[in-house]
Every structure is written in structure tokens, then in C-alpha cells.
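A look at the structure
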Amino acid sequence: MSLIDRPPVPNRVERILAVTRRHVYVYTRDFWANSFPTVLEPLTFILAVGWGLATAVGRMGGTDYLSFLAPAQAMIAAVYTAAFEESYGAYFRLRVDHNYDSMLVTPVGVDEIFWGELLYTGLKGVFYSAIVIGVLALFGTVHSPCALAIPLVGFFTSLASGSLGLYAVRFVTSLNQFNFFISGVISPLILFSGTLFPIASLPAALQIVARWLPLYPMVGLARMLNTGVFAPEWPWLLLYALTVPCLMAAFAVRLMRARLIQ
Amino acid sequence: MPSPAPVLEARHLVKRYGAEAAVDDVSFTVERGECFGLLGPNGAGKTTVLRMAHCSSPRTSGVLSVFGLDPDERPAEIKHRLGVVPQSDNLDDELSVGKNLEIYAGYFGLPRAGVQRRIRELIAFMSLEGREDAPIRELSGGLKRRLVIARALLNEPELVVLDEPTTGLDPQVRHLIWARLRELKTRGVTLLLTTHYMEEAHQLCDRLLVMDHGRILAEGRPRELVASRLPGHVLELPSASAPTGLPTGTTCEIHGDLAYVYCRSPEALEPLAAAAGSDYRIRSTTLEDLFLKLTGRELRESD
């Protein structure tokens, strides 16, 4: 153990990827237990909604109700996985297991810890939305090859939702307070973003709010990709989908920096 | 030959949290290859000094340089050459013993080819053989501590910072850790540690600081410090039997149910002891006596 020729200090990207790699490893170590529920969920959804609700509703948004819901369902999966990972999960890593403290004394800096973590969360969003849309495709709910790009939208959906989770981590003082986050932030986000019905059915004032919710453009884009029919507003939705989650993530990283470096 | 630059240098180092100064005008240097100890009661500011040294806490004012670099400006480069053993074992509970080391090596950008060999060396060095696949939750406190130390050595650090490395461990593990730390020192690794154990400071530290309330109370080599500040011997006896008239050259302190009579020579203490009956002890003064003299005997809030 003599002093070796020291390898170079890893650069920023390498440090971010080292953090992502840790999370990916932890996930894949328990791959089936982590992933199988995600396959199961769209199947139960098809049974309940496909045979029950969809028959009752008929058509919505220019398509059968099941095809209307399928891309939204993929985005909802991306929201949930990121929201839980970056609220309860991050809280445990921060307060219980002290993972961040252990990373912080290596060349990895606090910004890289959270960019690496949010990158992982985004990849999880890709994976989960791919499973959901893939399973639902077997039931004839996908109508265009453009749907292959839906998991990419899932990346940005998870990035936004994971950032919200980190905002919550910054302010909660006990695990129970995440109930407020899930029922007070995540549930309304999911319900009012045009997932289950077009926001045109909402009162005018609420429509304005809904339009700015970070999930709204994601669901809109996913739906267009699913049918291959693009509404004129699509470039705006795309612009929002690419930029807002990144800004939200940058703010989350800032908050966590203030929380960890004192 | 010019003396090499110190591994760590602090001048008028200050750390404030709001109005409260956790570290208040602390200056010291750590030379290459030495073991430097920070002693002090809970809340003295020891951990804060370490946190500033390993770039986890920005200083409020003063000068701090590690390997000649400023922690505010070049944290990644400093931490690349540093090993840190924190006060609590923050191992990755999601990973096995071996994977803890492998993933951690990734944070240093260590080339994958050498990592497995390095892990085997460290597993052997800290006597962790056969535990590579064990989950962290199944490890005893002593095994966890050894793994944390192994983890801190992955990048072959030039400076290892240890916050209370053996607190709460049994004597066997403590002695094993001391032996390994001394071995590191013989290889030229610099050590900076905090401890509550005077025995540990005696065993390991070439030089030390006694701190309290964020300030330095004394600094020096352990033996010289005790010799310069206290007479060589002390008689310990129940305060009820404390001598009334003291011979010249002796001083007496009473703390609770015990009295301490200090003197340069043990012979001068023997007549006092004889008068007290059988319940007494004459011994050499230690670092612990000095520590209590400097920091007082009242209880501290734990930090």
C-alpha cells in the first residue's frame, strides 16, 4: 500500500455518474421486486378501467377512453416513482442512513450528489413509463410508432416530480409530514393535469392553473405521441417539458446544498 | 533541506453559526507524517474543525489550507487525497461489505482494474476477511468501524481525518485500530483525529491541542504538556480524609467525594497517605488530570 501514482480527480460528469451508478446498482440488485409491481399496475388498470369505466365513458378527447388514459397512465407512473424516491427515499438517505454525508467527504460535491440522484430518478421515469405504455400497447391502446418516444417524456416528468420531492425533504421535520406532500401536492398534480379528463371540463380559473402544472405538458405530449396527431400547441409543450423540469431540478439542488453545507 | 510544507495549516480559524462561535480563533499546523490530536469536551468545536478540514463546512473567517489548497476553492482536489472516518458509521446499508467499498471507490474515480485488488488489501488490513458478502445490518459495531476505516483508505489518502475513531468499541477492537493507525503513520500517512480517550491520545498522538468552547487551551506533545503544567505525581483519597496542613511543594484540590494532592515526588505524598488510612492511591499524573484541570469537571451537554 505504498503511495501509488494517484489517478486524476474525476471530472464533474464522472462524479455525477458515480452517484447515479450507486442508485442504479441498488435498484437492480432487487430488480424483480422493484419492477414487477410496475408491470402489474397497468394490468389491473386494464381490468378495472378497460372493462369497466372505459365502456361506460365511451370516447374522450377524440379517441376511445382507454387510449386517452394510456399515455397519461405512463406519465402518472413516472410521477409516482420519482415522488416517492425523492421524498421518502431521499429523506432516509439524508437523515437515517446518512448516505449524502458519506459521499460528501469524497471528491463528489453536494451539487453532483443531487444531479446524480435526479438523473437516476429521470432514468427510472423512462423505465417505468416504458413498462406501462409497453404493457398497455398489448391491449391496443397505442396508435402510432411515435409512442416509442413517450418514455423520453417520462424522463422529464420524473425530473420535475423528483424535484418536488426534494423540496419537501428540505422542509419536513418528520417522515409523517410527507403525507401532506403526497396528498397535498402529488395527488392534485396528477388529478388536475388533464390525465383522466381534458382540462377544458374544469372551471376557467382552474384551467389556467392546470395549464402551468408541470405534468400538463407531459401528458399532452405523451397523448400526441400516442396517437401520432399533433395539436398546433405542441412546440410550446415541448419547450416547457424540456426546460421547466431542469429549472426545477436546479432549484432542488440549490435547496439541498443549503441544507447540507452549513 | 527546507522543511516540507505542512499538510494542514489553520490560522485564526473561525466558524460561527449565527451569533455563536463554534470555533473561535484557532491556529495550528499538522506536519507531514505526524498524528495530531484534538481533545476537548463535547461541544468544544473539535468536529467543526474536522468538518472544515474535509471541506464539508465553509469557514467564517481565517486561513485554512489543506495540502496547500483552500477548501473553499479546490474541495474536489483536497478530498481526492483525503480519507475521512466520521463520528457515526455512515455505511451504505443497501450494499454488502464489498460493494460498499467498490461503490465508494467509484466516487474517487479509481480505475476499476485496480479496485478489486485494493479492496482485498484493505479487507485483510482491517481483518475483515470472509465478510465481503455480509450485509451491513449484520455487522457488529467493531466490524462496522473497521469497514469505515477501510473505506477511508481506498484512495490511499495522504491525510486521514478521524472523528472519535474508537468511541464505544471494546478494548480488542480499539487496540487493533490503534495498531493499524500506527502502521499507517510508519508509511508516512498523516493523521488528524479527535478523541475523548486520553489513553488513545497517548498511544497515537505526536502532538495535540486541548480545546474548549471553540478555543485552544493548550498545545504540545502529550508527555511534555503534562510535565509542564502539572507536578509528576498525585495522591487520590476520599475528600473526608483530605490533609489539613499541606507540606510545601504540594497542592490540593477537592472535587466531589475525592481529594487530589499533587507533588513532584511520590515520597513526599506517602506520609499524607499514611495519615489517611488504607483508602488511597498514589500515581503519576496523566493527560486526563491535565484535561480535567484545563476544561473543568462540570458535566457537559452532549453534542
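Residues numbered from 1 in each chain as written. Chains lettered and ligands numbered in written order. Predicted model: local features only at pLDDT ≥ 70, side-chain atom pairs only at ≥ 80, totals over all residues.

Some words on helix α10 (residues 234-260) of chain A
All names here are of chain A. Here is the rule: Strands here are runs of E lasting at least two residues and helices are runs of H or I lasting at least four, both read from the DSSP assignment and numbered beginning at the N terminus. One less than the residue count of a helix, multiplied by 1.5 Å, gives the span that helix is expected to have. Residue burial here comes from a neighbour count, namely the number of other C-beta atoms, placed from the backbone, that lie within 10 Å of the residue's own C-beta, with 20 or more meaning buried, 12 or fewer meaning exposed, and in between meaning partly exposed. Once C-beta atoms are placed from the backbone, any two residues with those atoms within 7 Å are in contact.
The end-to-end C-alpha distance of α10 is 39 Å, a good match for the 39 Å that 27 residues give at a rise of 1.5 Å each. Along α10, the residues that are buried comprise L237, Y240, A241, P245, M248, A249, A252, V253 and M256. Looking at the buried positions of α10, the neighbouring elements they touch are α5 (110-137), α6 (150-171) and α9 (216-227).

Notes on the interface of chain B and chain A
Here is the rule we go by: By the convention adopted, Pro, Cys, Tyr, Trp, Phe, Met, Ile, Leu, Val and Ala count as nonpolar, Lys, Arg, Asp and Glu as charged, and the other residues, Gly among them, as polar.
The interface of chain B with chain A comprises 27 residues on the first partner and 26 residues on the second. Here the side of chain B that touches chain A gets five residues from one element, more than from any other, and that element is helix α2 (residues 75-80) of chain B. Of the residues that constitute the side of chain B that touches chain A, the class distribution is eleven nonpolar, eight polar and eight charged.

As for helix α5 (residues 141-152) of chain B
Residues and elements named next belong to chain B. A rise of 1.5 Å per residue sets the reference length of α5, with its twelve residues, at 16 Å; its end C-alpha atoms lie 17 Å apart and thus fit the reference within 8%. Taken as a whole, α5 has its buried residues at R145, R146, L147, V148, I149, A150, R151 and A152. Buried positions along α5 lie against β5 (82-85), α3 (97-107), α4 (112-125), β6 (159-163) and α6 (171-186).

Quick look at the sheet that holds strand β10 (residues 233-238) of chain B
Residue and element names in this part refer to chain B. Using the following cut-off: Whether two strands pair depends on DSSP finding at least two bridges between them. All axes are obtained by fitting lines to C-alpha atoms, using only the stretch in contact for helices, and the reported angles, taken between N-to-C directions, cover 0 to 180 degrees.
Taken together, the four strands give an open sheet; going across it, the order is β11-β12-β10-β13, and neighbouring strands pair in antiparallel fashion. Edge positions in the sheet fall to β11 (250-255) and β13 (281-284), since each of these pairs with one other strand and no more. Shown here is a sheet whose adjacent strand axes are inclined to one another by a mean of 25 degrees, direction ignored. Across six bridges, β11 lies against strand β12 (residues 258-263) in antiparallel orientation. Within β12, the position partnered with C252 by the bridge is V261.

Observations regarding the confidence of the model for chain A
The cut-off we apply is this: Confidence of the prediction at every residue is given by pLDDT, a number between 0 and 100.
Mean pLDDT over chain A works out to 92, with 98% of the residues at or above the 70 mark. The spread of mean pLDDT over the elements of chain A runs between helix α2 (residues 31-57) of chain A, the lowest at 84, and α6(A), the highest at 97.

So, the domain arrangement of chain B
What counts, and what does not: Where each domain starts and ends follows an automatic or database-derived domain assignment.
Entries for chain B in the domain assignment read domain 1 (8-226) and domain 2 (231-284). Using C-alpha coordinates to define each centre, domain 1 of chain B is positioned 39 Å away from domain 2 of chain B.

Considering the sheet that holds strand β4 (residues 61-66) of chain B
Residue and element names in this part refer to chain B. Read from one edge to the other, the open sheet built from three strands follows the order β2-β1-β4, with strand pairing classed as antiparallel. Lying at the two open borders of the sheet, with one neighbouring strand each, are β2 (20-30) and β4. Ignoring strand direction, the axes of neighbouring strands in this sheet form an average angle of 25 degrees. Sheet topology note: the strand β1 (residues 8-17)/β4 ladder contains five bridges and is antiparallel. Within β4, the residue paired with R11 across the bridge is V63.

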